[in-house]
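Here are the chains, one letter per residue:
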Amino acid sequence: MARYEVEYALFRKCVIEADSLEEANDKAHTIEDEEIERTETENTGYMVWNEPTEIK
């Protein structure tokens, strides 16, 4: 039996307050995990990020 690796990602939607799109983008790339969990508005659950690939 072969083994396959699947990569999953957990998608969360959050609201970020910022004065500009550039500032919002900067905040989105530096936000801490705890902040994401506090400001989460929707948790869509785990979804397949990359299809299975065989592990050799």
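Located above this text is the structure these notes cover.
Residues numbered from 1 in each chain as written. Predicted model: local features only at pLDDT ≥ 70, side-chain atom pairs only at ≥ 80, totals over all residues. Heavy atoms only, no water.

Colleague: Honestly, the environment of Lys13 in this entry has me stumped. Any pointers?
Modeller: Assignment of secondary structure puts Lys13 in strand E1 (residues 3–14). Overall, Lys13 belongs to the partly exposed group, its relative accessible area being 48%. C-alpha of Lys13 to C-alpha of Glu40: the two residues are 27 residues apart in sequence and 5.7 Å apart in space. With residues up to four places along the chain from it excluded, the contact list for Lys13 reads Thr39, Glu40, Thr41 and Glu42. (Helix = DSSP H or I, 4+ residues; strand = E, 2+ residues; numbered from the N terminus. Buried < 20%, exposed > 50% of the residue type's maximum accessible area, 1.4 Å probe, protein only. Contact = heavy atoms within 4.5 Å.)

Colleague: For this particular structure, what's the right way to read the pattern of salt bridges?
Modeller: Here the idea is simple: oppositely charged side chains can pair when their charged atoms come close. Taken as a whole and judged by the stated rule, the model has four salt bridges. A salt bridge links Glu40 to Arg12; the shortest N-O distance between them is 2.1 Å. With Glu40 in strand E2 (residues 40–55) and Arg12 in strand E1, this residue pair connects regions lying 28 residues apart in the sequence. For Glu42, the salt bridge goes to Lys13, with nearest N and O atoms at 3.8 Å. Highlighted residues: Glu42 in strand E2 and Lys13 in strand E1, separated in sequence by 29 residues. (Salt bridge = Lys/Arg side-chain N within 4 Å of Asp/Glu carboxyl O.)

Colleague: I'm lost on the packing of aromatic side chains in this one. Help?
Modeller: Scanning the entire structure with this criterion turns up one aromatic pair. The interplanar angle of 40 degrees and the centroid separation of 5.6 Å between the aromatic rings of Phe11 and Trp49 together place this pair among those described as tilted. Of the two residues, Phe11 sits in strand E1 while Trp49 sits in strand E2, which places them 38 residues apart along the sequence. Relative accessible area serves as the criterion here: at 32%, Phe11 is assigned to the partly exposed category. (Phe/Tyr/Trp six-rings, centres within 6.5 Å; stacked < 30°, edge-to-face > 60°.)

Bear in mind that shape data such as this cannot, by itself, settle questions of function.
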